[in-house]
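Observations on the model geometry
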Amino acid sequence: MSPAILPFNAPPAVREVIEASLRLFGRSVLPCLPLATIGTLLGQLPSAYDVAVHGKPVPLTAASLAAKDGTWWALYALGTVVSLVVWALVLQKQQRIATGSAAAGLPGATFARFPAIVGYFVASFVVVLLVSMPFGMIAALLALPPVSRATVILLPILAASAAVSLGWPALIVDGRRPIDAVATGLRLAIRHWRRLVLVVVAILATLIVMVVLAGFAIGLIAGLASPAGAAVQGSLSQAIVLLFAALAVLYLSAFLLVVFDDLRARAQASSASNVA
């Protein structure tokens, strides 16, 4: 039996956090990839609707979103919330793999927390929106170059999204209420923001490598399948993109679980030392 990955026996270095994330990802690929693929597919329901109606994917812009009909928005809402439940199941499975627990979680218990999952998603969206609004106003009022304007808008969104995402394991693994889970993520991110930045940079580098590999695989498969025609090439390319997207989100889930365990332990140790 493989040794447990979590919890850490001692406060880990950033390198050890990355290594633990990679080990958990490697161990969870086979048992979790089917669920991860389903979760990724569910998130693509609106795109599939666009293809069915317009014959091709429609880029998401302010104008295109304003033109979406009720069916598109219904599929977006359905795909989002149901995929969140699937990713909750994935996180629970990764938690059992990381800790070496043999106990199997009951999917019914996860589905019973559906209102809490939706509440967490709404609360996270509101927090990210509130954080990004002032920066969006600054970008709209000032005459900034396009790159600077995009930076002013995107960086706060990415930072706030990374912070509230730490509440996802608090919701699913610790069983916290939605508001408490989001607040926990924000507290951990603010308290350990320097450490979190270092880890996120390393994780992004890994994801960039995955994107490069996906592009290489698409080019290779497309070349090999060229005698079969454009339709076959397109289908194979879409399948590869779907697979790599599922793997990427599965890796992010493993990373999130490991980082949350690390920061939570540090926060608990700090609180204990302050009390002492």
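Everything here concerns the structure above.
Note that the structure is predicted; figures quoted are calculated from it, not measured. (Residues numbered from 1 in each chain as written. Predicted model: local features only at pLDDT ≥ 70, side-chain atom pairs only at ≥ 80, totals over all residues. Heavy atoms only, no water.)

Turning our eyes to something else, we now look at empty space enclosed by the protein. Under the definition given, this model contains one cavity of 30 Å³ or more. Put simply, the largest cavity is a space of about 30 Å³. What lines the largest cavity is Leu6, Gln95, Thr99, Val173, Leu257, Phe260, Asp261 and Arg264. If you list the elements that add at least two residues to the lining of the largest cavity, you get α4 (70-99) and α11 (230-275). Of the residues belonging to the lining of the largest cavity, the class tally is four nonpolar, two polar and two charged. (1 Å grid on protein atoms, 1.4 Å probe; cavity = no way out; pocket = protein on both sides within 12 Å on 5 of 7 lines; lining within 4 Å. Points joined across faces, edges and corners; volume = space filled by probe spheres on them. Helix = DSSP H or I, 4+ residues; strand = E, 2+ residues; numbered from the N terminus. Nonpolar A, V, L, I, M, F, W, Y, C, P; charged D, E, K, R; others polar.)

Turning our eyes to something else, we now look at the packing of helix α1 (residues 14-43) against helix α10 (residues 193-224). Viewed as axis vectors pointing N to C, α1 and α10 meet at an angle of 45 degrees, and their least axial separation amounts to 10 Å. Here α1 lies oblique to α10, going by the angle between them. The interaxial crossing formed by α1 with α10 has right-handed handedness. Of the residues in α10, those in contact with Val14, Val17 and Ile18 of α1 are Arg195, Leu198, Val199, Ala202 and Ile203. (Axes fitted to C-alpha atoms, helices over the stretch in contact; angles between N-to-C directions. Parallel < 35°, antiparallel > 145°, perpendicular 65-115°, else oblique. Left-handed = near helix turned anticlockwise from the far one by under 90°. Contact = heavy atoms within 4.5 Å.)

By volume, the largest pocket is sized at about 1,800 Å³. Lining the largest pocket are 47 residues, with Ser161, Ala162, Val164, Ser165 and Leu252 sitting closest to its centre. Here the element with the most residues in the lining of the largest pocket is helix α7 (residues 146-165); it accounts for nine residues. Residue composition of the lining of the largest pocket, grouped by class: 36 nonpolar, ten polar and one charged. Thr40, Leu41, Gln44, Ser47, Ala48, Val51, Pro57, Ser237, Gln238, Val241, Leu242 and Ala245 are the residues that line the second largest pocket. Looking at the lining of the second largest pocket, the elements with two or more residues in it are α1, α2 (45-54) and α11.

A few words on a nonpolar patch on the surface. On the surface, Leu60, Leu65, Trp73, Tyr76, Phe121, Val122, Phe125, Val126, Leu129, Leu130 and Met133 cluster together into a nonpolar patch covering about 1,000 Å² of accessible area. Among the elements that take part in the nonpolar patch, helix α6 (residues 114-141) stands out by supplying seven residues, more than any other. Within the secondary structure layout, Leu129 lies in helix α6. (Patch = residues over 30% accessible without salt bridge, like charges linked within 9 Å, V, L, I, M, F, W, Y side chains within 5 Å. Areas by Shrake-Rupley, 256 points an atom, 1.4 Å probe, with all protein chains shown as cover. Salt bridge = Lys/Arg side-chain N within 4 Å of Asp/Glu carboxyl O.)

It is worth spelling out α7 at this point. For α7, which comprises 20 residues, the first-to-last C-alpha distance of 28 Å matches the rise-based estimate of 28 Å (1.5 Å per residue) to within 8%. All buried positions along α7 are accounted for by Pro156, Ala160, Ala163 and Val164. If you follow the buried residues of α7, they end up packed against α6, α8 (167-172) and α9 (178-191). (Expected span 1.5 Å × (residues − 1). Buried < 20%, exposed > 50% of the residue type's maximum accessible area, 1.4 Å probe, protein only.)

For the pair α1 and α4, the least separation of the axes is 8 Å and the interaxial angle reads 175 degrees. Considering their axes alone, α1 and α4 lie roughly antiparallel with respect to each other. In contact with Leu24, Arg27, Ser28, Pro31, Cys32, Leu35, Ala36, Ile38, Gly39, Thr40, Leu42 and Gly43 of α1, α4 contributes Gly79, Val82, Ser83, Val86, Trp87, Leu89, Val90, Lys93, Gln94, Ile97 and Ala98.

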